[in-house]
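# Examination of the molecular architecture
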Amino acid sequence: MNKYTRDFHSAEFPGYRVSAPTNDKPFWQRRDLPFVDLDLNLSVDADRQYLEENYHELFSEAGSVNVREWYEFPHSSEWKKLVLKNNTSAVELNKHKLVPETRPTAVQINTVNVLEQLGLDILYASVLCLEPNGWLQPHRDQKINAVPPLNYFWIPLSQNLPSLKIWPYGYVESKPGHVYLFNNQDWIHSIRNQQAHRRFVLIGRFAVESLPKTVKTLVEEAIQDQWDQ
Ligand SMILES: [Fe+2]
């Protein structure tokens, strides 16, 4: 692990509160929120078991990428991505070098189906895998004008100590069954797997235009509870 990452994870962070609620725009356009914690009570155990038991087979498939090899310089340990779904404007993403040239695998992860049953139109989904002691250096992900900051979801599938740390907030608690909407474009963040086992998370993006009212309300209520007080 490089010094930058080690310092980031050992430092005490000051914490963060929003200065004033800015709920005059749709939640997905808000850039003042590092993340929103949604308790959707998802059952992720079967997906995790499936990924653990079939790891070698799954992560050697065509849609699997060793992301460290894809990036131009080593700013992480080896970590792997298994693309499940890609309905985004792949051309735009590739133009910005945001995603490697991968076609989704035929692998089915039940949690994706559950999100779709809630009415989410999933544009992109992949499973990220990090080995024990794995790490990603503090960074911000590339900003694309057309992509709203809070349509990105991050779902822990493994039971973890917190692994995602955001400046200046600190560690995001990674509760099983929860969905975290996460603004990875504006907030510097870093990942460290401090567990003795492989860590799987499901990440992706959903369409904001077709978001069901029930989900929108759920997110707005979570934001009220967590930030706008
Ligand atoms: Fe990131």
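Now for a description of the structure that goes with this document. (Residues numbered from 1 in each chain as written. Predicted model: local features only at pLDDT ≥ 70, side-chain atom pairs only at ≥ 80, totals over all residues.)

## Here's the deal with the overall build of the protein chain
Formally: Labels follow the DSSP assignment, with helices taken as runs of H or I lasting at least four residues and strands as runs of E lasting at least two, numbered in each case from the N terminus. Residues are called buried when their C-beta atom has 20 or more other C-beta atoms within 10 Å, exposed when it has 12 or fewer, and partly exposed otherwise; all C-beta atoms are positioned from the backbone. Whether two residues are in contact is decided by their C-beta atoms, placed from the backbone, lying within 7 Å.
Across its full length, the protein chain carries seven helices and eleven strands. A buried classification covers 34% of the 229 residues belonging to the protein chain. In the protein chain, the proportion of contacts linking residues at least 24 apart, taken out of those at least 6 apart, comes to 80%.

## Quick word on unusual backbone geometry
At the junction of W167 and P168, the peptide bond is cis and its omega measures out at 0° in the coordinates. Residue placement: P168 occurs in the loop between β7 (164-166) and β8 (170-172). We note that N41 has phi near 55°; this positive angle belongs to a residue other than glycine. Of note, N41 is situated in the loop between β1 (35-39) and α2 (45-53).

## Remarks on the nonpolar core
As a reminder of what qualifies: Any nonpolar core is a set of buried residues, restricted to Ala, Val, Leu, Ile, Met, Phe, Trp, Tyr and Cys, that join up through C-beta atoms within 7 Å.
Counting 44 residues, the largest nonpolar core has F35, L84, V127, F153, W154, Y180 and L181 as its most contacted members. The dominant element in this core, judged by the number of residues it contributes, is strand β4 (residues 122-130), at five residues. Those residues within four positions of L181 in sequence are excluded, and the remaining contacts are F35, V36, L38, L150, Y152, F153 and V219.

## Considering the sheet that holds β7
Quick note on the threshold: In short, DSSP must find at least two bridges between two strands for them to pair. Every angle, taken between N-to-C directions, lies between 0 and 180 degrees, and every axis is a line fitted to C-alpha atoms, over only the stretch in contact when it is a helix.
Spatial strand order, β5-β10-β7-β8: four strands in an open sheet with antiparallel pairing. Sheet topology places β5 (135-139) and β8 at the edges, where each strand pairs with a single neighbour. Taking each pair of neighbouring strands and ignoring which way they run, the sheet shows an average axis angle of 25°. In the sheet, β7 pairs with strand β10 (residues 189-192) via three bridges, with the strands oriented antiparallel.

## Concerning the pairing of strand β9 (residues 178-182)
In regular strands, side chains alternate between the two faces of the sheet. Of all five residues that make up β9, four are buried, and the element is covered over most of its length. Sheet topology note: the β1/β9 ladder contains five bridges and is antiparallel. Across the sheet, the residue bridging to L38 is V179, located in β9. As judged from the two bridges shared by strand β6 (residues 152-156) and β9, these two strands associate in the antiparallel manner. Residue pairing for β9: F153 is matched across the bridge by L181.

## Structural notes on the environment of W167
Here W167 is to be found in the loop between β7 and β8. Classification of W167 as partly exposed rests on a count of 17 C-beta atoms within 10 Å. Through-space distance from the C-alpha of W167 to that of P34 is 9.0 Å; in sequence the pair is 133 residues apart. The residues touching W167, leaving out its near neighbours within four places in the chain, are F13, W187 and I188.

## As for the environment of N151
Along the polypeptide, N151 turns up in the loop between β5 and β6. Look at N151 and you get buried, because 20 C-beta atoms sit within 10 Å. On a C-alpha basis, the gap between N151 and R205 in space is 5.4 Å, while along the polypeptide they are 54 residues apart. With residues near it in sequence (within four places) discarded, N151 still touches W28, R205, F206 and V208.

Worth remembering: the numbers are spatial, not functional.
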